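Breakdown of the fold
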Amino acid sequence: MSRKVRIAQLSCGPEYSGVQKEIYDAAESVDAEVFFPDIALADVEQAVDAFGLDVRSADLKLMIARGKALVDGKVDADGVFIGTCFRCAEAAIVRNELRRYIHEHSRLPVVSYSFTERTTAGTLLTRMEALTTIARRRALLAREEQTGITMGVDSGSSTTKAVVMKDNEIVGTGWLPTTEVIKSAEGAVASALEMAGLAREDIQAVGTTGYGRFLIGRHLGADLIQEELTVNSKGAVYLADHQRGASTVIDIGGMDNKAISVLDGIPGTFTMGGICAGASGRFLEMTAKRLGVDITELGPLAMKGMGKNVPMNSYCIVFGTQSLVNALAAGSSREDVAAAACHSVAEQVFEQQLQEIDIKEPVIMVGGTSLIEGLVYAMGQLLQTEILVPPHSQYIGAVGSALLASGFIKGE
Amino acid sequence: MAKVFIYPATSLILSDLVARFGHKPLGAALGIRERIQTAGVDSPPLQITPEEPKRGLKYAAVEVPSGVRGRMAIYGPLLEEAEAAIIVTDADLAFGCMGCARTDELILFSLRQSGIPILELKYPTNEEEGVQFVAAVKKFLAGLENGGEA
């Protein structure tokens, strides 16, 4: 039995929010243990002075001192979880600066999260799983080449994707909208195998990821069942041919968004979530439907429009849809509305998530939404950089899974 | 014997002083003990569940962070019960602290609004101030209605 991954918790408020047990449970479910770094009371003020952020809350001072102890090597950990109360401005400043400080001064993977009393272990699971993967499977994540014949299946909230790879090439792809999780996966797998001209028995190893990864993984007898944060990072840098050095991966998904700061193919800091569906691919799907175009046509349509002509705020999908309907009723063109919708989603991701990680070029956009060129353009405008969309970017999770699964081929 | 809210609520020294002079200290130990002793709750380490921040809505609006509301679910009822209060400002962390500056602000405001007798003292920094500090606490407690041992 492998040793438990030790995750240092730097936090203010989870005990009083009644969610500390949820944090423990999330860690426990991925065979990790959460601990609070021990430091002497006398060191707290000294550490805060040295850090240079003059906060008033004592628990935030303690967070800073504990973070500093980790960076100074006085306390050993495999990863860091930083959590503070949602809507606390003072805590948000500390959370962000501490996350940046640890990222810049150590190799510890960090995840930060702002919780409410409604936060559950389920919400935290993927983040904890990613932290433990980075700690436990560094050797696997270092894999840069796919070998043999492997398959990756990404069971996402909107679509299920499957990819078959052979000797470092993608030889088959398949996708279906996610309806019945297993059925959609079987359909996507059948398409990928057909395109590859291979049978199920030819596959030497299988990897699964996405929301349905456990169910699909059990069904397919997968060798690797892995959350999408590490898998997508790996897939993104592999497809973008940028496996070494720093990069930033953005995945605007159907239900949530992921922003990952990557170094040598391994996530350093990452955020996952979305305030609501308004800042996700789901809003763009709705926009396409309302405009009477296929989602694949939304991007080119948006490129012809001027988003600035239409006020739109997709912070909430209901209000975003209202803006959309009002704009059309007021005579705005479909092109302008499409561009405004893309800009709005990009802006939400920029404001809500990209502030939580350090943007390092190249910025790689992946996932189905990366094919909506209006969205990629809007993100590029906001970040003032050229966004890289690698080939097969919509299959990112499946490719990452297939690549990593080759580490499980017998004899590997 | 009067019920005296102590601030910082986690201060064992202050709690001891109040008890020593014949009154009942209202502080964190009381609020947390009640939760620790509640059977059937499994929410370590303080046995505070997501229900507490909801109860805290009585003292702070929904947009106030959950950690503040959770703390207020513990301290709020004690504030309502308090007949007097001793507030020590600028205290050393070792003397006692409640972790969250926003909760501190809300508790101090609530105490000052309540109209109960309050003794506000600065945390002593040397022996002379320490002697004056204890004397002031003793005098305040002796002057409270419902007795106390002066």
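Residues numbered from 1 in each chain as written. Chains lettered and ligands numbered in written order. Predicted model: local features only at pLDDT ≥ 70, side-chain atom pairs only at ≥ 80, totals over all residues. Heavy atoms only, no water.

Now for the domain arrangement of chain A. All names here are of chain A. Partitioning chain A into domains gives domain 1 (5-136) and domain 2 (141-229 + 396-408). Contacts between domain 1 and domain 2 engage 7 residues on the former and 8 residues on the latter. Carbon and sulfur atoms make up 63% of the surface buried where domain 1 meets domain 2, a total of about 570 Å² over both sides. Among the residues domain 1 hides against domain 2, the three largest losses belong to Thr126, Glu129 and Thr133. Together they make up 70% of the total. (Domains from an automatic or database assignment. Contact = heavy atoms within 4.5 Å. Buried area = accessible area lost by both parts, 1.4 Å probe.)

For the rest of this paragraph, the subject is the side chain of Glu15(A). With respect to the helices, strands and loops of the structure, Glu15(A) is situated in helix α1 (residues 14-17). Here Glu15(A) occupies a buried position and makes no salt bridge, while the nearest side chain of opposite charge, Arg71(B), is found at 5.6 Å. (Helix = DSSP H or I, 4+ residues; strand = E, 2+ residues; numbered from the N terminus. Buried < 20%, exposed > 50% of the residue type's maximum accessible area, 1.4 Å probe, protein only. Lys, Arg positive; Asp, Glu negative; His and termini not counted. Salt bridge = Lys/Arg side-chain N within 4 Å of Asp/Glu carboxyl O.)

So, on to the nonpolar core. All names here are of chain A. Ranked by internal contacts, the top residues of the largest apolar core, which has 75 residues, are Phe81, Ile102 and Met128. For this core, the element with the highest residue contribution is helix α4 (residues 58-71), accounting for 7 residues. Counting only domains with at least three residues in this core, you end up with domain 1 (5-136) and domain 2 (141-229 + 396-408). Residue contacts for Phe81: discarding those within four places in its chain leaves Ile7, Ala8, Gln9, Leu10, Ile23, Val111, Tyr113, Leu124, Met128 and Leu131. (Core = buried A, V, L, I, M, F, W, Y, C linked by side-chain atoms within 4.5 Å.)

This next bit is on the side chain of Ser401(A). Structurally, the position occupied by Ser401(A) is in helix α16 (residues 396-405). When near neighbours in sequence (up to four residues on either side) are disregarded, Ser401(A) contacts Gly152(A), Val153(A), Gly207(A), Thr208(A), Thr209(A), Leu224(A) and Val231(A).

Once that is clear, we can look at the sheet that holds strand β9 (residues 224-225) of chain A. Residues and elements named next belong to chain A. Ordered by their spatial adjacency, 5 strands build an open sheet running β7-β6-β5-β8-β9, and the pairing between neighbours is mixed. The sheet is open, and its two edges are formed by β7 (169-177) and β9, each paired on a single side. In this structure, strand β8 (residues 205-209) lies alongside β9, joined through 2 bridges in parallel fashion. When the sheet's bridge partners are listed, Gly207 is paired in β9 with Leu224. Helix-sheet contacts for helix α9 (residues 213-220) involve β5 (149-155), β8 and β9, and the interaxial angle to β8 is about 160°. (Pairing = 2+ DSSP bridges. Axes fitted to C-alpha atoms, helices over the stretch in contact; angles between N-to-C directions.)

This paragraph deals with the pattern of salt bridges. Counting across every chain of the model gives 27 salt bridges over all chains. Between Glu51(B) and Lys54(B) there is a salt bridge; the shortest N-O distance is 3.5 Å. Linking Glu51(B) with Lys54(B), this pair stays in helix α3 (residues 51-55), spanning 3 residues, or about one helical turn. The exposure class assigned to Glu51(B) is partly exposed, which follows from its relative accessible area of 38%. In this structure, Arg112(B) engages Glu120(B) in a salt bridge whose closest nitrogen and oxygen atoms are separated by 3.0 Å. For Arg112(B), a relative accessible area of 44% puts it in the partly exposed group. Overall, the relative accessible area of 40% leaves Glu120(B) in the partly exposed class. What emerges from the salt-bridge pattern is a single network uniting Lys4(A), Glu28(A), Asp31(A) and Arg136(A).

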